[in-house]
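Spelled out from the first residue to the last, the chains are:
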Amino acid sequence: METGLRNKTALVTAASKGIGKGCAAALIKEGCRVIISSSNAKNLEYALKEFSAIPGAQVHAVKCDLNLKSDIQNLYEQVKSLYGGIDILVNNCGGPHPGFFEELGEDKWDYAYDQVLMGPVRLIKLFLPSMKQKKWGRIINITSLSVFQPIDNLILSNTFRTGLTALAKTLSNRFAANNITVNNVAPGYVLTQRIKELAENKAKVTGETAEQIFEKMKSEIPMQRIGQPEDIANAVVFLASEGASYITGNTIHVDGGRVVSYF
Ligand SMILES: NC(=O)c1ccc[n+]([C@@H]2O[C@H](COP(=O)([O-])OP(=O)(O)OC[C@H]3O[C@@H](n4cnc5c(N)ncnc54)[C@H](OP(=O)(O)O)[C@@H]3O)[C@@H](O)[C@H]2O)c1
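Here the structure is a predicted model, which is why all the values come from computation and not from measurement.

S.K.: Looking at this structure, how should I read the site of the ligand?
M.R.: Contacts to the ligand come from 31 residues, most closely from Ser38, Ser39, Arg161, Val190 and Thr192. One nitrogen or oxygen atom from the side chain of Ser16 is found 2.8 Å from an oxygen atom belonging to the ligand. At a separation of 2.7 Å, an oxygen atom of the ligand approaches a polar side-chain atom of Arg161. Contact with the protein chains covers 89% of the free accessible surface of the ligand, which is 890 Å². Elements with a minimum of two residues in the shell around the ligand: helix H1 (18–29) and helix H6 (193–206). It is H6 that contributes the most residues to the shell around the ligand, three residues altogether. Considering only residue class, the shell around the ligand consists of twelve nonpolar, 15 polar and four charged.

S.K.: Would you mind showing me how to read empty space enclosed by the protein here?
M.R.: Over the atoms rolls a probe the size of a water molecule, and its path tells where empty space is left. With the rule as written, the count across this model stands at one cavity of 30 Å³ or more. Taken as a whole, the largest cavity encloses approximately 70 Å³ of empty space. In this structure, the largest cavity is lined by 13 residues; those nearest its centre are Asn91, Asn92, Cys93, Gln115 and Pro120. In terms of residue count, the dominant contributor to the lining of the largest cavity is helix H4 (residues 106–134) (five residues).

S.K.: Hey, could you run me through the packing of helix H3 (residues 69–83) against H4 in this one?
M.R.: At a closest axis distance of 10 Å, the pairing of H3 and H4 adopts a crossing angle of 30°. As summarised for this structure, H3 and H4 are arranged roughly parallel, according to the angle between their axes. When you trace H3 past H4, the crossing you get is right-handed. Between H3, through Lys69, Ile72, Gln73, Leu75, Tyr76 and Val79, and H4, the contact on the second element is made entirely by Gly119, Arg122, Leu123, Leu126 and Phe127. Residues of the contact of H3 with H4, tallied by class, amount to seven nonpolar, two polar and two charged.

S.K.: What is the right way to read the pattern of salt bridges from this model?
M.R.: Pairing of side chains with opposite charge becomes possible as their charged atoms draw close. One pass over the full model with this rule turns up nine salt bridges. Taking the shortest distance from any N to any O, the salt bridge between Asp87 and Lys134 comes out at 2.9 Å. Pair noted here: Asp87 is in the loop between H3 and strand S4 (88–91) and Lys134 is in helix H4, with a separation of 47 residues, a long-range link. In this structure Asp87 comes out as buried when scored by relative accessible area, which is 6%.

S.K.: I tried to follow the packing of aromatic side chains on my own but got confused; where do I start?
M.R.: Centre-to-centre distance and the angle between the planes together describe a pair of aromatic rings. Here the structure, examined in full by the defined rule, presents five aromatic pairs. Centroid distance Phe101 to Trp109: 6.4 Å. Interplanar angle 70°. Geometry classified as edge-to-face. By the ring-pair criterion, three or more aromatic residues cluster together here, those being Phe101, Trp109, Tyr113 and Phe160. Positioned over the ring face of Trp136 is Lys8, at 3.9 Å from the centre of the ring.

S.K.: Whenever I open this one, the nonpolar core confuses me. Can you help?
M.R.: Within soluble globular proteins, side chains that are nonpolar tend to cluster in buried spots. Ranked by size, the top nonpolar core spans 33 residues in total, and within it Leu27, Val34, Ile36 and Phe51 carry the most contacts. At the level of secondary structure, the elements contributing two or more residues to this core comprise strand S1 (9–12), H1, strand S2 (33–38), helix H2 (41–52), S4, strand S5 (137–142) and helix H8 (229–240). Aside from chain neighbours lying at most four places away, what touches Phe51 is Ala15, Lys21, Ala24, Ala25, Ile28, Ile36, Ala57 and Val59. In this structure, Leu75, Val79, Leu104 and Ile139 belong to the second largest nonpolar core, which totals 32 residues.

Criteria and thresholds
Residues numbered from 1 in each chain as written. Predicted model: local features only at pLDDT ≥ 70, side-chain atom pairs only at ≥ 80, totals over all residues. Heavy atoms only, no water. Near = heavy atom within 4 Å. Polar contact = N/O pair within 3.5 Å; in protein donor to acceptor, adjacent residues only side chain to side chain. Areas by Shrake-Rupley, 256 points an atom, 1.4 Å probe, with all protein chains shown as cover. Helix = DSSP H or I, 4+ residues; strand = E, 2+ residues; numbered from the N terminus. Nonpolar A, V, L, I, M, F, W, Y, C, P; charged D, E, K, R; others polar. 1 Å grid on protein atoms, 1.4 Å probe; cavity = no way out; pocket = protein on both sides within 12 Å on 5 of 7 lines; lining within 4 Å. Points joined across faces, edges and corners; volume = space filled by probe spheres on them. Axes fitted to C-alpha atoms, helices over the stretch in contact; angles between N-to-C directions. Parallel < 35°, antiparallel > 145°, perpendicular 65-115°, else oblique. Left-handed = near helix turned anticlockwise from the far one by under 90°. Contact = heavy atoms within 4.5 Å. Salt bridge = Lys/Arg side-chain N within 4 Å of Asp/Glu carboxyl O. Buried < 20%, exposed > 50% of the residue type's maximum accessible area, 1.4 Å probe, protein only. Phe/Tyr/Trp six-rings, centres within 6.5 Å; stacked < 30°, edge-to-face > 60°. Lys NZ or Arg CZ within 6 Å of the ring centre and 35° of its normal. Core = buried A, V, L, I, M, F, W, Y, C linked by side-chain atoms within 4.5 Å.

Listed below in structure tokens is the structure:
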């Protein structure tokens, strides 16, 4: 399928590792100019080096801690001076702190609010005018299957990602006439640093090994395998493409069939 993405400008946040990195790689391979950002300069440098080896890669890296308003403003200013604006915004972030309600203090709630919800709000506010001007835009939020069914020990994800989903649907109505779509991709289990850490944490509590936790995860997935960042990236590329221009306000779960509800 011709995606029509050549020379579009895309910003992918939290893109030094895992799902964000997979999305950035896929957009680079489609011929997009891609700005990657993350909070750790060393991680970002490694990712930039790897991406620069992709034939024809147009890629730029800007350090940005998504929990810092000033970093988001700086990211915007750097991108604006380089490219004027962007066509595609992929809102990814680090994983919210795991834990049950009784375990999480207000500091963790405040952090996750900025991390999951206000980061995208701030980025959309800053980059929307350039999309409106071009009368073309794609906003794609990486969320989680937690928006379909709560994950018991991920209450911060459950709470703020459903808020982000509501934001996306509301904005999709508002910007549709500007040819700007707003959608979410909700991963199931994907093999990244984050899922390894979650499995190790769980293993400490249950007394199982991380391998046993992974086997259990697999057994809950009809496809019988843990996803790869590329599985998520394929959905992001599709939603960014011209072919998806009539899809907005939607959430695609990419989970090997893991979500048990109809929708
Ligand atoms: N993996 C899964 O199974 C799964 C399932 C559902 C949802 N998700 C969600 O998808 C998102 C990505 O997960 P992942 O599995 O790819 O995680 P990951 O492999 O741990 O990668 C997280 C990324 O976030 C960046 N990051 C962390 N804190 C940041 C900050 N303050 N500001 C900017 N960037 C930051 C990290 O880069 P630096 O350290 O360089 O900043 C890294 O690039 C998370 O929100 C996660 O909860 C994951």
